[in-house]
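# Summary of structural features
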Amino acid sequence: MRQRRQKPQTEEHKRIKKADVILISAFLIAGLAGLFWLSAGREDGRMVRVTVDGKEAGTYPLSRDDTIRIEGVGGSNTLVIRDGQAAMEEADCPDRICVEHAPVDSVGETIVCLPHRVVVEVLSEEGGNEEGQTPEFDGVAR
């Protein structure tokens, strides 16, 4: 039976292995940095502002679970804050589009109930939208 002779590893083979390890490490570091950057954007200082017919009805932190009953124009809505997200759970309006809306959790996202003239908006801890300003409305849809 013949034994196979192993080829001795040359310096080039060792460099390739070191380069592979360096490349993989760089990808891992970049991936972890990206995850950190994404998670840093979801700060606990986010708030939900509720307005009814253009007047502020309340501001609530997204960091605390809560259920808020909102008396809108001609009806009521129930807003639920859970796990850092806000969702309209109930509404007695005819179309219930606000109830079908996905939960909001990012600054600038809104849920609107037009029949009751209710607007739920996610704000930063400073009380502004993405640009740091409070939006202004120039009309109401009927």
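On a predicted model such as this, the values are computed, not experimentally measured, just so you know. (Residues numbered from 1 in each chain as written. Predicted model: local features only at pLDDT ≥ 70, side-chain atom pairs only at ≥ 80, totals over all residues. Heavy atoms only, no water.)

Before going further, it helps to spend a moment on the overall build of the protein chain. When you go through the protein chain residue by residue, the secondary structure sums to two helices and seven strands. Scanning the protein chain from its N terminus toward the C terminus, one meets helices and strands in the order α-β-β-β-β-β-α-β-β. In the protein chain, which comprises 142 residues, the share counted as buried stands at 29%. Long-range contacts, defined as pairs at least 24 residues apart, comprise 33% of the intrachain contacts of the protein chain with a sequence gap of at least 6. For the protein chain, the exposed surface amounts to about 10700 Å²; the carbon and sulfur share of it is 53%. (Helix = DSSP H or I, 4+ residues; strand = E, 2+ residues; numbered from the N terminus. Buried < 20%, exposed > 50% of the residue type's maximum accessible area, 1.4 Å probe, protein only. Contact = heavy atoms within 4.5 Å. Areas by Shrake-Rupley, 256 points an atom, 1.4 Å probe, with all protein chains shown as cover.)

A word on the sheet that holds strand β4 (residues 75-82). Reading across from one edge, β3-β4-β5 is the order of the three strands in this open sheet, with antiparallel pairing throughout. Only two strands of the sheet have a single neighbouring strand rather than two, namely β3 (66-72) and β5 (85-91). Across the sheet, the mean angle separating the axes of adjacent strands is 25° when strand polarity is ignored. In terms of strand pairing, β3 meets β4 through seven bridges, oriented antiparallel. Each bridged residue has a counterpart across the sheet, and for Ile68 the counterpart in β4 is Leu79. (Pairing = 2+ DSSP bridges. Axes fitted to C-alpha atoms, helices over the stretch in contact; angles between N-to-C directions.)

So, on to the sheet that holds strand β2 (residues 55-61). Spatial ordering of the open sheet is given by β2-β1-β7-β6, a layout of four strands whose pairing is antiparallel. Two strands bound the open sheet, and with one partner strand each, they are β2 and β6 (110-113). Between one strand and the next, the sheet's axes are offset by a mean angle of 15°, whatever the strand orientation. Looking at chain direction, strand β1 (residues 47-52) and strand β7 (residues 118-123) are connected through six bridges and run antiparallel. Opposite Arg49, over in β7, you have Glu121 as the bridge partner.

A low pLDDT score tells you not to read the predicted coordinates there in detail. Summarising the model, the protein chain shows a mean pLDDT of 81, and 72% of its residues fall at 70 or more. For the stretch residues 130-135, pLDDT sits under 50, and the model shows seven contacts to residues farther than four places along the chain or on other chains. (pLDDT = per-residue confidence, 0-100.)

For the structure shown, the criterion picks out zero disulfides. Free of any disulfide, Cys98 has its nearest cysteine sulfur in Cys113, 3.9 Å distant. A relative accessible area of 2% places Cys98 in the buried class. Cys113 takes part in no disulfide bond, and the closest cysteine sulfur to it belongs to Cys93, at a distance of 3.7 Å. (Disulfide = S-S within 2.5 Å.)

Here the focus is the pattern of salt bridges. Side chains bearing opposite charge may pair, as long as their charged atoms lie close to each other. For the coordinates displayed, the defined rule picks out three salt bridges. With a shortest N-O distance of 3.1 Å, Arg49 and Glu121 are connected by a salt bridge. With Arg49 in strand β1 and Glu121 in strand β7, the pair connects residues that are 72 residues apart, well separated along the chain. Residue Glu71 pairs with Arg69 through a salt bridge whose shortest N-O separation is 3.2 Å. Assigned by exposure class, Glu71 and Arg69 land together as exposed. (Salt bridge = Lys/Arg side-chain N within 4 Å of Asp/Glu carboxyl O.)

Time to look at the nonpolar core. The biggest cluster of nonpolar side chains holds 20 residues, and the ones touching the most others in it are Leu79, Cys98, Val118 and Val120. At the level of elements, β1, β3, β4, β5, α2 (97-100), β6 and β7 are the ones that each hand at least two residues to this core. (Core = buried A, V, L, I, M, F, W, Y, C linked by side-chain atoms within 4.5 Å.)

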